[in-house]
Amino acid sequence: GAVVSQHPSWVICKSGTSVKIECRSLDFQATTMFWYRQFPKQSLMLMATSNEGSKATYEQGVEKDKFLINHASLTLSTLTVTSAHPEDSSFYICSAGVPRESYEQYFGPGTRLTVT
Amino acid sequence: GEDVEQSLFLSVREGDSSVINCTYTDSSSTYLYWYKQEPGAGLQLLTYIFSNMDMKQDQRLTVLLNKKDKHLSLRIADTQTGDSAIYFCAESIGGYSTLTFGKGTMLLVSP
């Protein structure tokens, strides 16, 4: 089946630094990738949708200058949390899909970010 | 706006059936999904149902949809300890549009 990986699986960074999270579709080409954020005991909240080769579409309330998303190829999307603060600590999950072929989104294992 | 509600916790004994319930508000939802999340892991799609279906069965899983009441349920037969996880209900309008998730139901299966 379709596999999506994320790297790193967990990261600890100091307040004020930037962190990049990678999302890769390993055995298929994903025209669309989604980034979600999950707080403890809460649901996943969609942050943004990115289509390969175009700018990401951010959900209301998500700061596009803080959460930089790049979808440069059909197998890689990156999320960069810039000038991270403790309140950015969360579990970030990406998913990938091929909308023209299937309804399904394939989820990565997630990246746990802790900002100290 | 879209809203998906789930009960937060369910505890069952091994071998019993588990029923996890979900309600949604958007009548234009066309796909409804159940995802499983094990600790520290991403989401795994368990099953889905299209809105013109009432029921879908897949091995130990049975999904029931009451579109009139906007109620979705997931029944797990012969629940095992390995089924302990958080189960998310999600809906989308269209097959590949963005998903709206519930907060998840933590299922705890005791031996």
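Structure first, text after, so check above.
Every value quoted in this text rests on a predicted model; they were computed, and no experiment measured them.

Undergrad: Kindly report on the sheet that holds strand S8 (residues 71–76) of chain B, identifying the contributing residues and their values.
TA: Residues and elements named next belong to chain B. On the basis of which strands lie adjacent, the open sheet formed by 5 strands has the order S1-S3-S8-S7-S6 and antiparallel pairing. This sheet does not close on itself; its edge strands, each paired only once, are strand S1 (4–6) and strand S6 (55–58). Recorded for the sheet is a direction-independent mean angle of 15° between the axes of neighbouring strands. Sheet topology note: the S6/strand S7 (residues 61–66) ladder contains 4 bridges and is antiparallel. Each bridged residue has a counterpart across the sheet, and for Gln-57 the counterpart in S7 is Thr-62.

Undergrad: Give me the lowdown on the nonpolar core, citing residues and values where you can.
TA: Generally speaking, a soluble globular protein has its nonpolar side chains buried in company with each other. Judged by nonpolar contacts, the single largest core of 26 residues is most densely connected at Trp-35, Tyr-58, Phe-67, Ile-69, Leu-79, Tyr-92 and Leu-113 of chain A. Taken together, the elements giving at least two residues each to this core come down to strand S2 (10–13), strand S3 (19–25), strand S4 (32–38), strand S5 (44–51), strand S7 (67–73), strand S8 (76–81), strand S9 (90–97) and strand S11 (111–115) of chain A. Setting aside residues no more than four positions away along its own chain, Leu-79 of chain A makes contact with Val-19, Lys-20, Ile-21, Trp-35, Phe-67, Leu-68, Ile-69 and Tyr-92 of chain A. Counting residues in hydrophobic clusters, the runner-up holds 20 residues, among them Ile-20, Cys-22, Tyr-24 and Leu-46 of chain B.

What counts and what doesn't
- Residues numbered from 1 in each chain as written.
- Chains lettered and ligands numbered in written order.
- Predicted model: local features only at pLDDT ≥ 70, side-chain atom pairs only at ≥ 80, totals over all residues.
- Heavy atoms only, no water.
- Pairing = 2+ DSSP bridges.
- Helix = DSSP H or I, 4+ residues; strand = E, 2+ residues; numbered from the N terminus.
- Axes fitted to C-alpha atoms, helices over the stretch in contact; angles between N-to-C directions.
- Core = buried A, V, L, I, M, F, W, Y, C linked by side-chain atoms within 4.5 Å.
- Buried < 20%, exposed > 50% of the residue type's maximum accessible area, 1.4 Å probe, protein only.
- Contact = heavy atoms within 4.5 Å.

The analysis is restricted to geometry; functional conclusions fall outside its scope.
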